[in-house]
Each structure stands twice: as C-alpha cells, then as structure tokens.
Amino acid sequence: MAYVIMAIIIIVVIAQVIEEDKKVKTMSDSNAEGYDNTRLTLVEKYNYEEIYPTGVKYYTSNINKFMKNFPHPDWDNDKMDKLVLYKYYAQNNVLVKLENENHKNDPKAIKVTLNRRTIGYISRDQKEFVRHLTKIPNLVRAEIYGGPRKIYDSEKDKYVELKDYKYTVRTVSYTHL
C-alpha cells in the first residue's frame, strides 16, 4: 500500500514539473520565429542607440502574430494580485530587419519588419542617423512590449479587458567603436 501511495505522489510531482516547464517555455520560446536568445556582449550592452519606429499602431495585427508565441499563463485567471495584466510577455531580444523601401510618401524610407511582416518605419528625423549607425538592410535587436491588457476594476471586483491597446517597439542599433 505504501508503494502505491509513493507512486501516486511521484506521478503528481512529475505532472506539476511538466506543467511548470510548459509555462516557462512559453515565456521565452527560443524556437519562435524572430527570437534571438544570444546574450549581449559588453560592448553591445553599453554602446547603443534606442530608436522607436513610427506607425506601429497600424501594424498591430502583424505584431500580434509574433507575440502570440509568448502568452501569459494567467491571462484567463481573474485571481491575480496585479493592477494590470498583459496578455503576452514582453520580449526584449527580438530580431527585426531594417530595410530600404521606396514608399509612396517617402522614397528613402526604412521599413522595420518582423518575420517578413512590416511592424513600423524609422521616422524621417532618424533615417540618416540610423544609416550612419548601421548598413541597410540589417538585422537589429528590438524590444516589444505592451499589447492586450486587463486592468482590475475594484467596483466589479474583476479584471476588465481594454480594447484600445498598442505595442511599443524599441529597436537597438549598436554604435561602432
């Protein structure tokens, strides 16, 4: 009888470990397209310029297609202790491509793509600066955060999903030393 109880306990523990492993894997799935799990070198870490692409709000569906690979496991749970809950984990090691585009409004535009889908453009003010930092086309690291979220409504004592959401994309171009 003791062996049966021990076997049941071991099976339950293994099932819990497997479930926890699944949650951790979805937070940083290195097999997801566009994900780069290499660590920053010290030179990269301290010698970079931040660039925020414009027009990101027009490409929300393209970003959603990537971010769905990183779901927050508590999204469907209304028993959280946070005021704001995001549907997806923020990603800070994404590879995006900067490429030239002959856009109708700007013949020298620099498009930002993720998995061959447009997610924004480098602003007119920063185009020459970006061209000075790196060759175009080029892959650069980026952070993506924001997106669908719920906020806690104390009057209703539950989370309410907000329909007006946006993403923030921050690309990082490394300076040449």
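Preceding this section is the structure that the text describes.
Quick caveat: nothing in here was measured; it's all calculated off a predicted structure. (Residues numbered from 1 in each chain as written. Predicted model: local features only at pLDDT ≥ 70, side-chain atom pairs only at ≥ 80, totals over all residues. Heavy atoms only, no water.)

K.L.:
Requested: an account of the overall build of the protein, with residues and values cited.
P.N.:
Secondary structure summary: the protein contains four helices and nine strands in total. When its helices and strands are written in sequence order, the protein yields α-α-β-α-β-β-β-β-α-β-β-β-β. By the burial criterion, 34% of the 177 residues in the protein qualify as buried. Pairs at least 24 residues apart make up 65% of the contacts formed inside the protein by residues separated by at least 6 positions. Approximately 11900 Å² of the protein is accessible, and the part contributed by carbon and sulfur atoms is 53%. (Helix = DSSP H or I, 4+ residues; strand = E, 2+ residues; numbered from the N terminus. Buried < 20%, exposed > 50% of the residue type's maximum accessible area, 1.4 Å probe, protein only. Contact = heavy atoms within 4.5 Å. Areas by Shrake-Rupley, 256 points an atom, 1.4 Å probe, with all protein chains shown as cover.)

K.L.:
Tell me about the side chain of Thr171, and name the residues and values.
P.N.:
Of note, Thr171 is situated in strand 9 (residues 167–174). The exposure class of Thr171 is buried, given its relative accessible area of 1%. If we ignore the near neighbours within four places in the chain, the residues touching Thr171 are Glu49, Glu50, Ile51, Pro53, Val96, Val112, Val140, Arg141 and Ala142.

K.L.:
Give a description of unusual backbone geometry that names residues and reports values.
P.N.:
Residues Ile136 and Pro137 are joined by a peptide bond in cis, for which omega reads 5°. Within the element layout of this structure, Pro137 appears in the loop between helix 4 (127–133) and strand 6 (138–146). A positive phi angle, close to 55°, is found at Asp157, a residue other than glycine. For Asp157, the position within the fold is in the loop between strand 7 (149–153) and strand 8 (158–162).

K.L.:
Talk me through the environment of Lys111; I want residue IDs and the actual numbers.
P.N.:
Structurally, the position occupied by Lys111 is in strand 4 (residues 109–114). Considered as a pair, Lys111 and Pro137 are 26 residues apart in the sequence and their alpha carbons are 9.4 Å apart. Beyond its immediate chain neighbours, meaning those up to four positions away, Lys111 contacts Lys97, Leu98, Glu99, Glu101, Thr118, Gly120 and Tyr121.

K.L.:
Outline the sheet that holds strand 2 (residues 84–86), listing residues and values.
P.N.:
Here three strands make up an open sheet; going across it, the order is 2-7-8 and the pairing antiparallel. Because the sheet does not close on itself, it has two edges, and the strands there are strand 2 and strand 8. Averaged over all neighbouring strand pairs, the angle between strand axes comes to 30°, with direction disregarded. (Pairing = 2+ DSSP bridges. Axes fitted to C-alpha atoms, helices over the stretch in contact; angles between N-to-C directions.)

K.L.:
Can you lay out the packing of aromatic side chains for me, pointing to particular residues and giving the numbers?
P.N.:
The way to describe two aromatic rings as a pair is by their centre distance and the angle between their planes. Throughout the structure, instances matching the rule amount to four aromatic pairs. Judged by centre distance (5.4 Å) and plane angle (55°), the ring pair of Phe66 and Phe70 falls under tilted. Accessibility classification places Phe66 together with Phe70 in one group, the buried group. A ring pair is formed by Tyr165 and Tyr167, whose centres lie 6.1 Å apart and whose planes are at 90°; its orientation type is edge-to-face. Judged by relative accessible area, which is 26%, Tyr165 ranks as partly exposed. The cationic tip of Lys150 hangs over the ring face of Trp75; the distance from NZ or CZ to the ring centre is 4.6 Å. (Phe/Tyr/Trp six-rings, centres within 6.5 Å; stacked < 30°, edge-to-face > 60°. Lys NZ or Arg CZ within 6 Å of the ring centre and 35° of its normal.)

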